[in-house]
Amino acid sequence: MPTVKGKQQMNAFFANLPGKLQENVLRGAAKAAAKVVAEEAKQRTQSSEVRDAIKTDSKVEHGKVTARVKVQGPGAYLGPWEEYGTSEHFISVDDSQRQGMSVGRINRKAKEGVLVINGEPVGKTVLHPGARPHPFLRPALDLKGDEAIRAAQAHIDKRLAKEGYNTPDMDDAED
């Protein structure tokens, strides 16, 4: 678990900054930290669809800055299945999904109520053995938490230096 040093000193420092600058600097720092974790999650996933769906966002609400790494958009539905795995379950053709299907070599079987897997008809119902979990989000945070904190601090230092502020030295800070 990452540790944070100098929290009291940084809070005191930020209390003396203009409000909008505080908000912008901290939101950017949160985004920088989230990006580090998101990149690790993208490296750890086994699915290109999940990889493409890993996103970050940040917000400020009631003076609190938060950033998230999330799986959103096309392919996002696969994320929880990969992260946590699935139990054994039955898969069957749903009559409502068959209506209006185009009739092709493979789809003809589905239209008749037969599942087709990898181009082969397998029957009306199959027992899926489930999938073992392959965590990619949680380990990304565990592995890159310290680096994410450093990225946030680097963003803060760079942004404040641009505005003419010098951040306190955190090397000797206790907290």
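Residues numbered from 1 in each chain as written. Predicted model: local features only at pLDDT ≥ 70, side-chain atom pairs only at ≥ 80, totals over all residues. Heavy atoms only, no water.

### Quick look at the pattern of salt bridges
Item 1. Considering all chains together, one arrives at 7 salt bridges under this definition.
Item 2. One salt bridge in this structure joins D57 and K70, with 2.8 Å as the shortest N-O distance. Residue D57 is found in strand β1 (residues 54-61), and its partner K70 is found in strand β2 (residues 64-71); the two are separated by 13 residues along the sequence.
Item 3. Here E147 makes a salt bridge to K144, at a shortest N to O gap of 3.1 Å. Of this pair, E147 and K144 both sit in helix α7 (residues 137-162), 3 residues apart, which is roughly one turn of that helix. (Salt bridge = Lys/Arg side-chain N within 4 Å of Asp/Glu carboxyl O. Helix = DSSP H or I, 4+ residues; strand = E, 2+ residues; numbered from the N terminus.)

### Observations regarding the environment of A152
Item 1. The topology assignment puts A152 in helix α7.
Item 2. For A152 and K35, which are 117 residues apart along the polypeptide, the C-alpha to C-alpha distance reads 9.9 Å.

### Points about the packing of aromatic side chains
To describe a pair of aromatic rings, you give the distance between the ring centres and the angle between the ring planes.
Item 1. In the structure shown here, the tally under the stated rule is 1 aromatic pair.
Item 2. On the basis of an interplanar angle of 85° and a centroid distance of 5.5 Å, the ring pair of Y77 and W81 is categorised as edge-to-face.
Item 3. Here W81 falls in the partly exposed class, since its relative accessible area comes to 48%. (Phe/Tyr/Trp six-rings, centres within 6.5 Å; stacked < 30°, edge-to-face > 60°. Buried < 20%, exposed > 50% of the residue type's maximum accessible area, 1.4 Å probe, protein only.)

### Description of the confidence of the model for the chain
Item 1. Mean pLDDT over the chain stands at 82; residues scoring 70 or higher make up 77%.
Item 2. A low-confidence stretch, residues 98-106 stays under pLDDT 50, and its non-local contacts, those more than four residues away or across chains, total 15 contacts. (pLDDT = per-residue confidence, 0-100. Contact = heavy atoms within 4.5 Å.)

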